[in-house]
Amino acid sequence: MQKKHQKVQVLLDAIPHIKKFYGKTIVIKYGGSAQTSPDLQEKFAEDIVLLKLVGMNPVIVHGGGARISELLEKLNIKSEFIDGHRVTSEETMRVVEMVLSGDINKNITSLLNYHGAKAIGISGKDSSIIKAKPKDNGKFGYTGVVTEVNGQLINNLVKEGFIPVIAPIADSATPSHPGFNINADVAASKVASAINAQKVLFLTDIKGVLDKEGNLLNSLDKNDVERYKKDGTIAGGMIPKVDSCIDAIYNGVNKAHIIDGRVEHSILLELFTSDGIGTQFLRKNGTNNGIDIEKLLNEI
């Protein structure tokens, strides 16, 4: 009987959070072990379906870097990274699109539908949802910088009851162009801003942003991020993640979070518990017209 009461208490504790996010759109960047472990894939699907059932609107933007690297290695195509961003040759771009738009995107969509969701898999190329240009004047090959996201089209899908599952491949203005490979963290941030999402969650293979002693940094602002990048605390693949978080919260998204996708039901733990997990990113601008923005954001 005690266990039953504990379960009821967990549900009661979640009610204020469910009320808070009812009808809100949450963008989730899905990657890392959560995407490759069969057990975690099932837990992820259950979380997404539950979010939908309690009135939230999840939008998924997925990565696939591990699978891309694996296939490139089998094909003897060299992988190169600069500051956590993949350099994409024309040959690599073919593999990237095949893996992201074909393999991974449809597997995620099928898994969500199996668990009772109404998911639809799309690429940024579909109806030119995501447009891009070459990153750093072509220094990264066919890796692109997002120039535009058609938020209205994504929101229309949400209004029709769909859960969009978006592959981070962008369209180009040139018809014969193979398109652009977009860092999935960057794509998630841009999509979240374009659709005025309440939150964007980045699932990764680490507890969050860690200091040099390996301790979790629970909350960061823009100045913190710049300081930690300068001293090397934030480096490599973490750079595009934290930059994407900062970009999102300064472009219409209320909060951004980096959470540990290796933890079962990490999405629910972040959204439906008071403590949450991982690292949250906040705008700390002091006050505005007498309103304490930081305090207000902490209540969202």
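About the thresholds
- Every residue gets a number counted from 1 within its own chain, in the order that chain's sequence is written.
- Confidence filtering applies because this is a predicted model: local features only for residues at pLDDT of at least 70, side-chain atom pairs given and counted only at 80 or more, and all residues used for totals across whole chains, interfaces and linings.
- With hydrogens and water set aside, each side-chain value is computed from the structure's full complement of heavy atoms.
- Numbering of helices and strands runs from the N terminus; a helix is a DSSP stretch of H or I covering at least four residues, while a strand is a stretch of E covering at least two.
- With the radius of gyration taken over C-alpha atoms, the globule rule is written as 2.2 Å times the number of residues to the power 0.38.
- Burial classes follow relative accessibility: with a 1.4 Å probe on protein chains only, a residue under 20% of its type's maximum area counts as buried, one over 50% as exposed, and anything between as partly exposed.
- As used in this structure description, the phrase polar contact means that two N or O atoms lie within 3.5 Å; if the pair is within protein, one of them must be able to donate a hydrogen and the other to accept it, and residues adjacent in sequence are counted only when both atoms belong to side chains.
- Site definitions follow a grid-based scheme: protein atoms alone, a 1 Å grid, a 1.4 Å probe that fits but cannot get out for cavities, and for pockets an open set with protein on both sides within 12 Å along at least five of seven lines, plus lining residues having an atom within 4 Å of a point.
- Grid points are joined across faces, edges and corners, and a volume is the space filled by probe spheres set on the points.
- By the convention adopted, Pro, Cys, Tyr, Trp, Phe, Met, Ile, Leu, Val and Ala count as nonpolar, Lys, Arg, Asp and Glu as charged, and the other residues, Gly among them, as polar.
- Working definition of a nonpolar core: buried Ala, Val, Leu, Ile, Met, Phe, Trp, Tyr and Cys residues. They are joined through side-chain atoms within 4.5 Å.
- The contact rule is simple, with two residues in contact once any of their heavy atoms fall within 4.5 Å.
- Stacked, edge-to-face and tilted labels apply to pairs of Phe, Tyr and Trp rings (six-membered ring for Trp) whose centres lie within 6.5 Å, assigned for plane angles under 30 degrees, over 60, and everything in between, in that order.
- Throughout this description, the term charge over a ring refers to an Arg CZ or Lys NZ atom that lies within 6 Å of the ring centre and within 35 degrees of the ring normal.
- Should DSSP find at least two bridges between two strands, the strands are taken to pair.
- All axes are obtained by fitting lines to C-alpha atoms, using only the stretch in contact for helices, and the reported angles, taken between N-to-C directions, cover 0 to 180 degrees.
- One less than the residue count of a helix, multiplied by 1.5 Å, gives the span that helix is expected to have.
- What pLDDT reports is the predictor's confidence in each residue, on a scale of 0 through 100.
- An angle counts as roughly parallel when it lies under 35 degrees, as roughly antiparallel when it exceeds 145, as roughly perpendicular when it falls between 65 and 115, and as oblique in every other case.
- Should the near helix be turned anticlockwise from the far one by less than a right angle, the crossing is left-handed, and should it be turned clockwise, the crossing is right-handed.

Visitor: Hey, could you run me through the overall build of the protein in this one?
Guide: For the protein, the helix and strand inventory stands at 11 helices and 16 strands. Relative to the 2.2 N^0.38 estimate, which gives 19 Å for 300 residues, the radius of gyration of the protein is 19 Å and therefore close to what a compact globule would have. Across its three principal directions, the C-alpha atoms of the protein cover 60 × 45 × 40 Å. Split into buried and exposed, the 300 residues of the protein put 49% on the buried side.

Visitor: Can you walk me through the environment of Gln 198 in this structure?
Guide: Examined against the element boundaries, Gln 198 turns out to sit in the loop between α7 (184–194) and β11 (199–204). Between the alpha carbons of Gln 198 and Val 96 there is a distance of 30 Å; along the sequence they are 102 residues apart. A polar contact is formed between the side chain of Gln 198 and the side chain of Asn 254, at a distance of 3.0 Å.

Visitor: Help me out: how do you make sense of the layout of surface pockets in this one?
Guide: One simple way to see leftover space: roll a probe sized like a water molecule over the atoms. If you add up the space inside the largest pocket, you get close to 790 Å³. Around the largest pocket sit 37 residues that line it, and Lys 29, Gly 63, Gly 64, Gly 65 and Ala 66 are the ones nearest its centre. Among the secondary structure elements, those contributing two or more residues to the lining of the largest pocket are β1 (25–30), α2 (33–36), α4 (65–74), β4 (85–87), α5 (90–114), α7, β11 and α9 (238–249). Here the residues of the lining of the largest pocket are counted per class, giving 13 nonpolar, 18 polar and 6 charged.

Visitor: Help me understand the nonpolar core, please; the structure alone is not making it clear to me.
Guide: Across soluble globular proteins, nonpolar side chains show a tendency to be buried alongside one another. Residues Val 27, Val 191, Val 200, Val 209 and Phe 281 are the most contacted members of the largest nonpolar core, which totals 41 residues. Once you skip the residues sitting within four places of it in the chain, Val 191 turns out to touch Val 27, Val 59, Val 61, Ile 130, Val 149, Ile 154 and Ile 166. Judged by nonpolar contacts, the second largest core, of 40 residues, contains Ile 26, Ala 45, Val 99 and Leu 271.

Visitor: I'm lost on empty space enclosed by the protein in this one. Help?
Guide: Using the criterion set out here, one finds 1 cavity of 30 Å³ or more in the structure. A volume near 50 Å³ is recorded for the largest cavity. When residues in the lining of the largest cavity are grouped by element, the largest group, 4 residues, is from helix α3 (residues 38–53). Among the residues making up the lining of the largest cavity, the classes are represented as 6 nonpolar, 3 polar and 2 charged.

Visitor: It is not clear to me how the packing of aromatic side chains should be interpreted in this structure. Could you clarify?
Guide: The description of an aromatic ring pair uses the distance of the two centres, along with the angle that the planes make with each other. Under the definition given, this model contains 1 aromatic pair. Aromatic side chains Tyr 30 and Phe 44 sit 3.6 Å apart centroid to centroid with 5° between the ring planes, which places their arrangement in the stacked category. Placement of Tyr 30 in strand β1 and of Phe 44 in helix α3 is noted, with a sequence separation of 14 residues between them. On the basis of relative accessible area, Tyr 30 is assigned to the buried category, the value being 2%. Lying over the aromatic face of Phe 162, Lys 118 brings its terminal NZ or CZ to 4.4 Å of the ring centre.

Visitor: Looking at this structure, how should I read the sheet that holds strand β13 (residues 255–260)?
Guide: Adjacent strands of a sheet form backbone hydrogen bonds with each other and so pair up, either parallel or antiparallel. Taken in spatial order, the 8 strands make up an open sheet running β5-β8-β2-β1-β11-β13-β14-β12, and their pairing is mixed. In this open sheet, the two edge strands, each paired with only one partner strand, are β5 (119–123) and β12 (219–220). Relative to strand β14 (residues 279–281), β12 is paired through 2 bridges, and the arrangement is parallel. Counted as the bridge partner of Leu 220 is Phe 281 from β14. On the sheet, helix α6 (residues 151–159) packs against β2 (57–62), β5 and β8 (163–167) and is oriented at approximately 145° with respect to β8.

Visitor: Help me out: how do you make sense of α9 in this one?
Guide: Owing to its 3.6 residues per turn, the α-helix aligns residues three or four sequence positions apart on the same side. Here α9 is 12 residues long and its end C-alpha atoms lie 17 Å apart, about the 16 Å a rise of 1.5 Å per residue gives. In terms of burial, α9 is a largely internal element, 10 of the 12 residues being buried. Of all the positions in α9, only Met 238, Ile 239, Pro 240, Lys 241, Val 242, Ser 244, Cys 245, Ile 246, Ala 248 and Ile 249 are classed as buried.

Visitor: Just checking my understanding: could you explain the confidence of the model for the protein for this structure?
Guide: Detail in the predicted coordinates should be disregarded across regions flagged by low pLDDT. Within the protein, residue pLDDT values average 87, and 91% of them lie at 70 or more. Every residue in residues 286–300 is under pLDDT 50, and counting partners more than four places away or in other chains gives 24 contacts.

Visitor: How do you make sense of unusual backbone geometry when you look at a structure like this?
Guide: When glycine is set aside, most residues are seen to have a negative phi, and most peptide bonds are trans. Of note in this structure, Ser 127 is not a glycine but carries a positive phi near 55°. By the element assignment, Ser 127 lies in the loop between β5 and β6 (130–134). Taking the relative accessible area as the measure of exposure, Ser 127 reaches 54% and is therefore exposed.

Visitor: Would you mind going over the packing of helix α8 (residues 222–230) against α9 with me for this structure?
Guide: Each packed pair of helices is defined by two parameters, the angle between the axes and the distance between the axes. Relative orientation of the contacting elements α8 and α9 amounts to 160°, with a least axis distance of 10 Å. It follows from the interaxial angle that α8 and α9 lie roughly antiparallel. By crossing handedness, the relation of α8 to α9 is classed as left-handed. Two secondary-structure elements touch here, α8 through Lys 222, Val 225 and Lys 229 and α9 through Ile 239, Val 242, Asp 243 and Ile 246. Taken together, the residues of the contact of α8 with α9 break down into 4 nonpolar, no polar and 3 charged.

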